[in-house]
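Residue-level listing of the chains:
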Amino acid sequence: MSTSHPVVVLAEELSPATVDALGPDFEIRQSDGTDRERLFADVAEADALMVRSATTVDAEVFSHAKNLRVVARAGVGLDNVDIKAATEAGVMVVNAPTSNIVSAAELTCAHILGLARHIAPANRALRAGEWKRSKYTGLELQDKVLGVIGLGRIGGLVAERMRSFDMEILAYDPYVTSARAHQLGAQLVTLDELYARADVITIHMPKTPETLGMLNREAFATMKDTAFIVNVARGGLVDEADLEVALEQGAIGGAAIDVFSTEPSTDLDFFGRENVVVTPHLGASTLEAQEKAGISVAKSVRLALSGELVPDAVNVAGGAIDELVRPGIPLIEKLGRVLNALAVEAFTDIETEAAGEIAEHNVSALQLAALKGIFTDVVSEQVSYVNAPVLAEQRGISTRLTTTSEVEDYRNALTVRGATSSGTNLEVRGTLTGPKQIEKIVGINGYDLEITLTEHLIIFEYADRPGVVGALGRILGEHSVNIAGMQVSQNSAVGRALAVLAVDAALPAGVLDTIAAEVGAALAAEINLEDN
């Protein structure tokens, strides 16, 4: 059946406000995302597919949807959408990355209050006919210390709200400046100091190889034995086995957990403990958050189907971007992630530069992509082209985009530069080469090189001397890490060298530090560019 309007298939029930936000220019068809055969039939003519969490959108769906241009997830998470398959099929994926920030912050605050006043166990006891008033004596939050790990949008909202209880706010976030923390009424401290001083610790970090299991046995051992732990951010940030041991041994006072390593989870060991409150991933489960999400993605669908820039696209920038500029978007996003991996403190200034023929075109999307890459491994919320500039502004980071037609050696070159709070300047430069537009890094901090951007890179800067390359190979070999490519660039003027290695997989824990210690590296970084 042909139609004069683009077809939008709703695979799940969405609110009337969401449908209204689409407007009259589309043919709306209802489907059932849980019925695979019906979904396959219904997406055959679809230009857009809108889902919540019950519909799995995978390569098989894309194989039946030859006209599909955009998949919209009315929510924050994208676990039910195969982004890689969508990208291979040329389908844009959008979500609503900021729709739940207030809801998640409020649930965090609710859990803090619930732990302090024993609301859940007292409720259970009274409903069971037991009046245990003296057993559930709580504590006031006034003058207590709240430790916020990750002072991004949600962590910042939690800090602002808990200040109204006259709590002292400590924060750990290596990517936030002291000035930004001060605006939120928080004091930046080291992680060790936060663990030692906080009465309540709430975590709002992204889930990365570095943060996985961040709150573990070692961390619990340094906390007060009365400390409460709250996780409404990502499953896996708290090591669940270590949490059970800490609770069993009385190393901490209690925990409130909304997200889990495997979901659904209904029978973890600590679920039965009186000093633990668990909720089934309710961070975004408010009417307001769901309404915001639906309206947000409806607007994105309108933009996508009209050929405009889609700020909340998670796999491609989309929109009216020149064909010469478009291939640079994934490249400069990766360069941003590399730049962030090289930094050990907060950025105060970020510059994006486009050089060569590309400078004759509108390259504003490249700056958005660079910022998106820089913040992807920094904040707990999903980063998009719309919230990346906001994240920079919130952190007091100045940003600018520069262009020049002058470039040496390459037709085009893209560069991301960052200045840190201590005055350190960092730079990563890249280009696309050959008919297949191979993504390459061609410069890091003044060192010239040319190495293909792969999913796993490690970078070392060290005093140039014999034996270093051999040591790199030996240590990696001892840990069964295969080197797929390697380049060493020398700076003879200062007697230093930079080695960039492409490896087949992420390094086992501790290997990066082992190599850095053996070669005396002044800079050591591991970059994992796998899809989040």
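Residues numbered from 1 in each chain as written. Predicted model: local features only at pLDDT ≥ 70, side-chain atom pairs only at ≥ 80, totals over all residues. Heavy atoms only, no water.

An unreviewed UniProt entry annotates the protein chain as D-3-phosphoglycerate dehydrogenase originating from Candidatus Nesterenkonia stercoripullorum. As stated in UniProt under Function (unreviewed entry), the record for the protein chain gives "Catalyzes the reversible oxidation of 3-phospho-D-glycerate to 3-phosphonooxypyruvate, the first step of the phosphorylated L-serine biosynthesis pathway. Also catalyzes the reversible oxidation of 2-hydroxyglutarate to 2-oxoglutarate." Regarding the protein chain, the UniProt comment filed under Sequence similarities (unreviewed entry) reads as follows: "Belongs to the D-isomer specific 2-hydroxyacid dehydrogenase family." (UniProt positions renumbered as here; feature names shortened; annotations may be inferred.)

Draft legend 1. Representation of the overall build of the protein chain within the structure. When its secondary structure is counted, the protein chain shows 17 helices and 22 strands. Taking 2.2 N^0.38 as the reference for a compact globule, 532 residues should give roughly 24 Å; the C-alpha atoms of the protein chain span a radius of gyration of 25 Å, in line with that estimate. Counting only C-alpha atoms and orienting by the principal axes, one finds that the protein chain spans roughly 80 × 70 × 45 Å. In the protein chain, of all internal contacts separated by at least 6 residues, the share reaching a separation of at least 24 is 63%. Accessible area of the protein chain: about 23200 Å², with a carbon and sulfur share of 49%. Looking at the protein chain, you have 42 positive and 73 negative side-chain charges, and the mean spots of the two groups are 4 Å apart. (Helix = DSSP H or I, 4+ residues; strand = E, 2+ residues; numbered from the N terminus. Rg over C-alpha atoms; globule rule 2.2 N^0.38 Å. Contact = heavy atoms within 4.5 Å. Areas by Shrake-Rupley, 256 points an atom, 1.4 Å probe, with all protein chains shown as cover. Lys, Arg positive; Asp, Glu negative; His and termini not counted. Charge placed at Lys NZ, Arg CZ, Asp CG, Glu CD.)

Draft legend 2. Broad picture of the environment of Asp82. Position of Asp82 among the secondary structure elements: in the loop between strand 4 (70–73) and helix 4 (83–88). Linking Asp82 and Val93, residues eleven residues apart in sequence, is a C-alpha distance of 9.2 Å.

Draft legend 3. Looking closely at the side chain of Asp199. As for its position among the elements, Asp199 is in the loop between helix 9 (191–197) and strand 9 (200–203). A relative accessible area of 16% places Asp199 in the buried class. (Buried < 20%, exposed > 50% of the residue type's maximum accessible area, 1.4 Å probe, protein only.)

Draft legend 4. How the structure looks around the pattern of salt bridges. In this structure the tally under the stated criterion is 28 salt bridges. Across the salt bridge formed by Arg273 and Glu244, the nearest N and O atoms sit 2.9 Å from each other. Taken as a pair, Arg273 in the loop between strand 11 (254–257) and strand 12 (276–278) and Glu244 in helix 11 (residues 240–249) lie far apart in primary sequence, 29 residues in all. Here the salt bridges share partners, and the residues they tie into one network are Asp349, Glu351, Glu353, Arg400, Arg417 and Glu427. (Salt bridge = Lys/Arg side-chain N within 4 Å of Asp/Glu carboxyl O.)

Draft legend 5. Summary view of the pairing of strand 15 (residues 412–420). Strand 15 sits mainly inside the fold: eight of its nine residues count as buried. Across nine bridges, strand 13 (residues 347–356) lies against strand 15 in antiparallel orientation. Counted as the bridge partner of Asp349 is Ala419 from strand 15. Once strand 15 ends, the chain turns through four residues before running back antiparallel as strand 16 (residues 425–433), passing Gly423 with a positive phi of about 95°. (Pairing = 2+ DSSP bridges.)

Draft legend 6. Structural view of the packing of aromatic side chains. Inspection of every chain in the model, using the stated rule, returns two aromatic pairs. Taken together, a centroid distance of 5.5 Å and an interplanar angle of 65° make the contact between Phe270 and Phe271 edge-to-face. By the ring-pair criterion, three or more aromatic residues cluster together here, those being Phe260, Phe270 and Phe271. (Phe/Tyr/Trp six-rings, centres within 6.5 Å; stacked < 30°, edge-to-face > 60°.)

Draft legend 7. Examining a negative patch on the surface more closely. Taken together, the side chains of Glu406, Glu408, Asp409 and Asp448 define an acidic patch exposed on the protein surface. Tracing the backbone through its elements, the reader meets Glu408 in the loop between strand 14 (398–404) and strand 15. Taking relative accessible area as the criterion, Glu408 reaches 62% and is therefore assigned exposed. (Patch = residues over 30% accessible without salt bridge, like charges linked within 9 Å, V, L, I, M, F, W, Y side chains within 5 Å.)

Draft legend 8. Focus on a nonpolar patch on the surface. A grouping of Val469, Ile483, Met486 and Val488 is seen on the molecular surface, where their side chains present a nonpolar patch of about 260 Å² in accessible area. Counting residues per element, the nonpolar patch draws most heavily on strand 20 (residues 483–491), at three residues. Looking at where Met486 falls in the secondary structure, it is placed in strand 20. Classification of Met486 as partly exposed rests on a relative accessible area of 32%.

Draft legend 9. Focus on helix 7 (residues 153–163). Most of helix 7 is tucked away: eight of the eleven residues are buried. Buried residues of helix 7: Arg153, Ile154, Gly155, Gly156, Leu157, Val158, Ala159 and Met162, and no others. On the buried face of helix 7, the contacting elements are helix 5 (101–117), strand 6 (145–149), strand 7 (168–172), strand 9 and helix 15 (388–394).

Draft legend 10. Structural context of the packing of helix 16 (residues 468–478) against helix 17 (residues 511–519). Relative orientation of the contacting elements helix 16 and helix 17 amounts to 155°, with a least axis distance of 10 Å. As far as their axial angle goes, helix 17 and helix 16 are roughly antiparallel. Crossing angle aside, the handedness with which helix 16 passes helix 17 is right-handed. Along its contact with helix 16, which presents Val468, Ala471, Leu472, Arg474, Ile475 and Leu476, the element helix 17 presents Val511, Thr514, Ile515, Glu518 and Val519. Split by residue class, the contact of helix 16 with helix 17 holds eight nonpolar, one polar and two charged. (Axes fitted to C-alpha atoms, helices over the stretch in contact; angles between N-to-C directions. Parallel < 35°, antiparallel > 145°, perpendicular 65-115°, else oblique. Left-handed = near helix turned anticlockwise from the far one by under 90°. Nonpolar A, V, L, I, M, F, W, Y, C, P; charged D, E, K, R; others polar.)

Draft legend 11. Fine view of the pairing of strand 21 (residues 496–503). Burial runs high along strand 21: seven of the eight residues are buried. Relative to strand 21, strand 19 (residues 456–463) is paired through seven bridges, and the arrangement is antiparallel. The residue bridging Tyr462 from the neighbouring strand is Ala497, located in strand 21. In this antiparallel pair of consecutive strands, strand 20 and strand 21, the connection spans four residues, and Gly495 shows a positive phi of 70°.

Draft legend 12. Focus on the packing of helix 13 (residues 328–342) against helix 14 (residues 364–376). Orientation of helix 13 relative to helix 14, taken along the N-to-C sense of each, is 35°, at an axis distance of 7 Å. Relative to helix 14, helix 13 is oriented so that their crossing is right-handed. The residues of helix 14 that touch helix 13, namely those facing Gly328, Ile329, Ile332, Glu333, Gly336, Arg337, Leu339 and Asn340, are Ala365, Leu366, Ala369, Ala370, Lys372, Gly373, Ile374 and Thr376. Residue composition of the contact of helix 13 with helix 14, grouped by class: eight nonpolar, five polar and three charged.

Draft legend 13. Examining unusual backbone geometry more closely. Between Glu263 and the following residue, Pro264, the backbone shows a cis peptide bond with an omega angle of 0°. Relative to the helices and strands, Pro264 is located in the loop between strand 11 and strand 12.

Draft legend 14. Spotlight on the sheet that holds strand 8 (residues 186–188). Taken in spatial order, the seven strands line up as 8-7-6-9-10-11-12 in an open sheet, and their pairing is parallel. Each edge of the open sheet carries a strand with a single partner, namely strand 8 and strand 12. Here the strands of the sheet are splayed against their neighbours by 20° on average, with no regard to which way each runs. Two elements, strand 6 and strand 9, share four bridges in a ladder whose sense is parallel. Pairing of Leu146 across the sheet is with Val200, part of strand 9. In the packing of helix 5 onto the sheet, contacts are made with strand 6, strand 9, strand 10 (228–231), strand 11 and strand 12, and the angle to strand 10 comes to roughly 155°.

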